[in-house]
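Chain by chain, the residues:
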Amino acid sequence: MSKTKPFIISKHLVMEAFKLVKANQGGAGVDKQSLGEFERNLKDNLYKIWNRMSSGSYIPPEVKAVEIPKKSGGVRVLGIPTVSDRIAQMVVKLMLEPKLEPIFLNDSYGYRPKKSALDAVGITRKRCWKTDWVLEFDIKGLFDNIDHELLMKAVDLHTDIQWIKLYIKRWLVASININGKSISRTKGTPQGGVISPLLANLFLHYTFDVWMKRNHPYLQWCRYADDGLVHCNSEAQAKFILNQLNKRFNECGLELHPTKTKIIYCKDGARKGDYENTSFDFLGYTFRKRLAKNTKRGTLFINFTPAVSKSALKAMRTKTRKSNFRNQSNLTLQDIARLYNPVLRGWLQYYGKFYPSALYPMLRHFNQTLVAWARRKYKKLARHKTRAGQFIENISKTQPNLFPHWQRGMIGAFA
């Protein structure tokens, strides 16, 4: 039957797209249909997507706008497509990404297969040891300001498949629904859409990555989505690059964030200059001078290195408080472990990669939350904080595998 359609799209591709969307989960869009509801009539729903995409009649529905609080304050507006639309976008992503991935440069890390934020943090750590200065830049409202015409020129360079280009154009202009009000778009691609990160990477590939390689091939840089770093040899060089970047981004319809873009001196034990900015945050880590140990010599020295940021620690403590298990005396300690261990493992795997001891304040807060839970659950401990702390500490010794940080010996304080 696919041969009778103007566009040849595999039904197996649509099924694969559904599996990936299901694995990523996500909320309902403007139609309020959940993944579970979509699955109840899975065969017919997937057929509708395939049939409409193959015939060229697929029209993306409105995108639901949702405000998400930022760690640094304020909110970020995410666009949540419907389940059907996420699957349709995934179909295009599965076709387009293999064409784009080979042309992307190694120092672009965001939203790419086999690359991670930790990779970006790790390479930045090494480069900060070699160069004295870093230009940190942040693109203001990247997803809201991408120029549609420039983006489609980039898409045209890398695919001649008409249905891919047709649906990307339709997604770019799909209305966004904010508090029940429909707003049309003439630029940008909704942050939260399945295809949006790939399109944003393509746009910045030509706006920044290729431009840097062509105009400043001697400088090392790193970019994760709209956050980037350029390593410089002097303050004067950093100021020159900043001026050049401002012009370049303005040419492409983008703007550098005025307060999040700054020049940093990588101060450590050997670099002792006195400058205004001597630290920066990147991907949840704060880079600054810290006491470190030379494992070969057994000596201590001052190093410029990353550790979990204060804002990330605050967000973790806030999440623990909001879980409110300290007040749920109906839960057992095993229940708490089952519910919260995936969260703790995620934090330890990400923020424990570099300078893990900086996580101790969060782990102490978690352990103290367990003490508060014990005081509420057991009457004999209600008025005895020290005794409750000893009770939890004894459990950590007899059941060290109960929580992932206990397994690593990161016990912390219980009182």
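One structure accompanies this document, and this report is about it. (Residues numbered from 1 in each chain as written. Predicted model: local features only at pLDDT ≥ 70, side-chain atom pairs only at ≥ 80, totals over all residues. Heavy atoms only, no water.)

Let's shift gears to the environment of Leu46. With respect to the helices and strands, Leu46 occurs in helix α3 (residues 42-55). Counting along the chain gives 42 residues from Leu46 to Ala88, while the straight-line C-alpha distance between them is 9.5 Å. When sequence neighbours within four positions are dropped, the list of residues in contact with Leu46 reads Val14, Met15, Phe18, Phe38 and Ile87. (Helix = DSSP H or I, 4+ residues; strand = E, 2+ residues; numbered from the N terminus. Contact = heavy atoms within 4.5 Å.)

Moving on: the nonpolar core. Of all hydrophobic cores here, the largest spans 67 residues; its most connected members are Met53, Ile87, Trp163 and Val230. Considering every element that reaches this core, the biggest residue donor is helix α9 (residues 196-215), with 9 residues. Among residues more than four places away in sequence, those in contact with Ile87 are Val14, Ala17, Phe18, Val21, Phe38, Leu46 and Ile49. (Core = buried A, V, L, I, M, F, W, Y, C linked by side-chain atoms within 4.5 Å. Buried < 20%, exposed > 50% of the residue type's maximum accessible area, 1.4 Å probe, protein only.)

Packing of helix α1 (residues 11-24) against α3 leaves a shortest axis separation of 10 Å and a crossing angle of 120°. By the criterion of interaxial angle, the relationship of α1 to α3 is oblique. Considering the relative orientation of α1 and α3, their crossing is right-handed. In this structure, α1 contributes Lys11, Val14, Met15 and Phe18 to the contact, and α3 contributes Leu42, Leu46, Tyr47, Ile49 and Trp50. Here the residues of the contact of α1 with α3 sort into 8 nonpolar, no polar and 1 charged. (Axes fitted to C-alpha atoms, helices over the stretch in contact; angles between N-to-C directions. Parallel < 35°, antiparallel > 145°, perpendicular 65-115°, else oblique. Left-handed = near helix turned anticlockwise from the far one by under 90°. Nonpolar A, V, L, I, M, F, W, Y, C, P; charged D, E, K, R; others polar.)

With that settled, the discussion passes to the environment of Thr259. Among the secondary structure elements, Thr259 is positioned in the loop between α10 (235-251) and β8 (262-265). According to the relative accessible area criterion, Thr259 is exposed, its value standing at 62%.

Positive phi is not limited to glycine here, since Asn179 has a value of about 50°. Following the sequence through the fold, Asn179 ends up in the loop between β4 (176-178) and β5 (181-183). The phi dihedral of Ala225 is positive, around 55°, even though this residue is not glycine.

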